[in-house]
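# Residue-level structural notes
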Amino acid sequence: PTGAAFRKGPDNAPVAGPNDPGSPWAIGAAEGGHTAVRPALGTLADFEHFVAAAKAKGLEVALDIAFQASPDHPWVKAHPTWFRQRPDGTIQYAENPPKKYQDVYPFDFESSDWRELWAALRDVFVFWAQHGVRVFRVDNPHTKPIAFWEWCLGEVHAKFPDAIFLSEAFTRPKVMYALAKSGFSQSYTYFTWRTSKHDLETYLTELTQTPVREFFRPNFLPTTPVIFPDHLVHGGRAAFTQRVILAATLGASYGIYGPSYELMEREPRAEIEELARNEQYQARTWDLDHPSSLRHVIARINKIRREHPALHTMRSLRFHKTDNDMVLAYSKRKGEDVVLCVVNLDPHHTHRAWLDLDLAELGIGSDEAFQVHDVLGGSRYTWRGAHNFVELAPDAMPAHVFAVRRFVRTENDFEYFL
C-alpha cells in the first residue's frame, strides 16, 4: 500500500521535505490509500506478478495492514467523519503520551458512519486477498474495538477461509487473549523479553498447559524492526544464535527480522529499544554472503523444523529439571518423533549441568539405554536413565537439539547407529 520514505537527518530522525507525500507511519498519499500501490514502486499488475513469482518459489507474500491514515489519504477528504475530530472540527492526530504522531490520523470506529467505515476496512483485506495475498500482519489491533475484529475477521474468513491474521499486539494479556478469541490466527508474544529460565518456563507453561492453549496461537520473534531488546545489544553472536534456536524450537511458529538478524546488527537508537538503522525510513542493500552471517545456522534450524513434526506443535512441550539456572531443557513429542533441546542461556560463559529427564515424556523406560543425536551439531551420545551430563560453550554453539532414538535389541541396533 502507498506510503512515503522520509529523508533522515544527522540525528537519525526522519526529515520531511516539501515534496514528501504520505507518511512513514500511516497509510496513503494523494495517489491512493489502503488499496493502492505507490507509483514509485510499480503498478497493481506488477504486484500480482510479484505474488505469482513468490508462489512459484514456494513462498507466500504477507502484507502489513495498518488501519490509520496519513493526512493526505483520499479518505480524509472523502469521508472526514470516519476520523476522530476535535471540537473545532479539525481531525485529531494520534497520540500515545508522551508521543505525538501529527502525521497519523486514527479512524473513529464509533463515528456516525461506523457501518460504512467498518465495511471499507473489511474490504481492504478482501481486495488484497483477491490479488493473491492470504497472510496479513495487523498493526496495533488492540487499539481498535474487539467487536470490529470479531465482525471483520469473520466476514473475511467467510470468503477466504485460508486467510491468516497475525496480531501485532504487545499489550495486557487479557487484551491479547481477547484478540485471539475474536479470530486472529496468531499473535505476537512476550517471548522477546523472556530471558531467564524461570521466566521462560513460567510463560511457556501458561501458553501450553492452561486453557490459553485452546485459543491463543503464539508467534515467537526474537526482534522486530522496531523492537530490539538489550540482551542482543550486548550478547554478541552467541545471544543471536541462542534466541533464534529458542524461538524456533519452543514455538510452533517463529519469525526474524530477515537480513538484519542474520547479520547480527545491534547498534541501538539512543534511549529507545530499537535498532538505529531499521529500515523504517530507508531501503538498504545487504551483504547476504558476509562470512559472519548466521544464515547457515538459521537454515540448519529451519531444516530441522521441517524434518521433525514434533517441532510443529507446542502442546507437547515439557520442561525437564537441570541443576543449573543457566541451562534450560525441554522436549516435544509427536508420535515416534521426540526432540530434546538443551540451551545455555548465558551468551558469555560455558555452563555445565546435570539433566533430570522425565523419561516417560520421552517415551523411554526408567533403565533403558537410548541414543541422543544432536541434529544441530552432529554429535551422538548413548545415555541410560534420567541423569545425564551436558556442557555448552556459547562461542561454539549454545544449544543441543537432540533427536531421541530408542535402543532396540543390540548395541549395534540404534535406529541411526554410527
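Located above this text is the structure these notes cover.
The following refers to the structure shown.

Cut-offs applied
Residues numbered from 1 in each chain as written. Predicted model: local features only at pLDDT ≥ 70, side-chain atom pairs only at ≥ 80, totals over all residues. Heavy atoms only, no water. Helix = DSSP H or I, 4+ residues; strand = E, 2+ residues; numbered from the N terminus. Rg over C-alpha atoms; globule rule 2.2 N^0.38 Å. Buried < 20%, exposed > 50% of the residue type's maximum accessible area, 1.4 Å probe, protein only. Contact = heavy atoms within 4.5 Å. Pairing = 2+ DSSP bridges. Core = buried A, V, L, I, M, F, W, Y, C linked by side-chain atoms within 4.5 Å. Expected span 1.5 Å × (residues − 1). Phe/Tyr/Trp six-rings, centres within 6.5 Å; stacked < 30°, edge-to-face > 60°. Lys NZ or Arg CZ within 6 Å of the ring centre and 35° of its normal. Axes fitted to C-alpha atoms, helices over the stretch in contact; angles between N-to-C directions. Lys, Arg positive; Asp, Glu negative; His and termini not counted. Salt bridge = Lys/Arg side-chain N within 4 Å of Asp/Glu carboxyl O.

Further remarks concern the overall build of the chain. Per the secondary structure count, the chain includes 10 helices and 20 strands. Scaling as 2.2 N^0.38, a compact globule of 418 residues should have a C-alpha radius of gyration of about 22 Å, and the chain matches this with 24 Å. Dimensions of the chain, computed from the C-alpha atoms along their principal axes, are close to 80 × 50 × 40 Å. Among the 418 residues that make up the chain, the fraction classed as buried is 50%. Restricting the contact set of the chain to residue pairs at least 6 apart, pairs at least 24 apart contribute 67%.

Before going further, it helps to examine the sheet that holds strand β10 (residues 186-187). As summarised here, the arrangement of the 4 strands in space is β3-β8-β9-β10, forming an open sheet in which the pairing is parallel. The two strands at the open ends of the sheet, each matched to only one other strand, are β3 (62-65) and β10. The pairing of β3 with strand β8 (residues 135-139) spans 4 bridges and is parallel. Within β8, the residue paired with Ile65 across the bridge is Val138.

The next thing to look at is the pairing of strand β16 (residues 351-356). Within a regular strand, the side chains alternate between the two sheet faces. Going residue by residue along β16, you find His351, Ala353 and Leu355 tucked away on one face and Arg352, Trp354 and Asp356 left uncovered on the opposite face. Bridge count for strand β13 (residues 318-322) against β16 is 2 bridges, and the pairing is antiparallel. From the neighbouring strand, Lys321 faces β16, where its bridge partner is Asp356. Pairing analysis gives 6 bridges linking β16 to strand β19 (residues 387-392), with the strands arranged antiparallel. For Trp354, the partnering residue across the bridge sits in β19 and is Phe389.

This next bit is on the nonpolar core. Core analysis: the biggest nonpolar cluster contains 90 residues, and Phe107 and Phe125 have the highest contact counts within it. Not counting chain neighbours up to four residues away, the residues in contact with Phe107 comprise His34, Phe67, Gln68, Ala69, Trp75, Trp82, Phe83, Arg84, Leu117 and Leu121. Ranked by size, the runner-up nonpolar core spans 19 residues in total, among them Val327, Leu357, Phe370 and Val404.

Okay, helix α3 (residues 114-130) next. Note: α-helices contain 3.6 residues per turn, so residues at a spacing of three or four share the same orientation. If you check α3, its first and last C-alpha atoms are 24 Å apart, about what 17 residues at 1.5 Å a residue would give, namely 24 Å. Taken as a whole, α3 has its buried residues at Leu117, Trp118, Ala120, Leu121, Arg122, Val124, Phe125, Val126, Phe127, Trp128 and Ala129. Buried residues in α3 make contact with α1 (44-56), β3, α2 (74-78), β8, α4 (146-159) and β9 (164-168). Gly132 occupies a position one or two residues after α3 and carries a positive phi of about 100°.

Right, let's talk about the packing of aromatic side chains for a bit. On inspection of all chains with the given rule, the structure shows 31 aromatic pairs. The interplanar angle of 70° and the centroid separation of 5.4 Å between the aromatic rings of Trp383 and Phe402 together place this pair among those described as edge-to-face. Taken together, the residues span a long stretch of sequence, with Trp383 in strand β18 (residues 380-384) and Phe402 in strand β20 (residues 399-406) at a distance of 19 residues. A network of ring pairs unites the aromatic residues Phe67, Phe109, Trp114, Trp118, Phe125, Phe136, Phe148, Trp149, Trp151, Phe165 and Phe184 as a single cluster. In this arrangement the basic side chain of Lys181 is found over the ring face of Phe215, its NZ or CZ atom lying 4.7 Å from the centre. One residue, Arg243, lies across the ring of Phe191, its end atom 4.2 Å from the ring centre.

Ordered by their spatial adjacency, 8 strands build an open sheet running β18-β17-β20-β15-β14-β13-β16-β19, and the pairing between neighbours is antiparallel. Where the open sheet ends on each side, the last strands, each with one partner, are β18 and β19. Taken pair by pair, the neighbouring strands of this sheet meet at an average axis angle of 35°, ignoring direction. Contacts from helix α7 (residues 230-250) reach β13, β14 (327-334), β15 (337-344) and β20 within the one sheet, and its direction differs from that of β14 by about 30°.

By the element assignment, Phe184 lies in the loop between α5 (173-182) and β10. On the basis of relative accessible area, Phe184 is assigned to the buried category, the value being 4%. Spatially, the C-alpha atom of Phe184 lies 9.7 Å from that of Pro141, the residues being 43 residues apart in sequence. Apart from residues no more than four positions distant in its own chain, Phe184 is found in contact with Val138, Pro141, Trp149, Leu153, Phe165, Leu166, Ser167 and Leu179.

Attention now goes to the side chain of Glu262. Its location among the elements puts Glu262 in helix α8 (residues 258-262). Despite its burial, Glu262 remains without a salt bridge, the nearest opposite charge being carried by Arg295 at 5.9 Å.

Taking 1.5 Å of rise per residue, the 13 residues of α1 would be expected to cover 18 Å, and the 19 Å separating its terminal C-alpha atoms lies within 8% of that figure. Where α1 is buried, its residues meet β3 and α3. One or two positions beyond α1, positive phi appears at Gly58, with a value near 80°.

Moving on, we get to the pattern of salt bridges. One side chain can pair with another of opposite charge once the charged atoms of both are near each other. Applying the stated criterion across every chain, the model contains 15 salt bridges. Note that Glu274 and Arg269 form a salt bridge whose closest N and O atoms lie 2.8 Å from each other.

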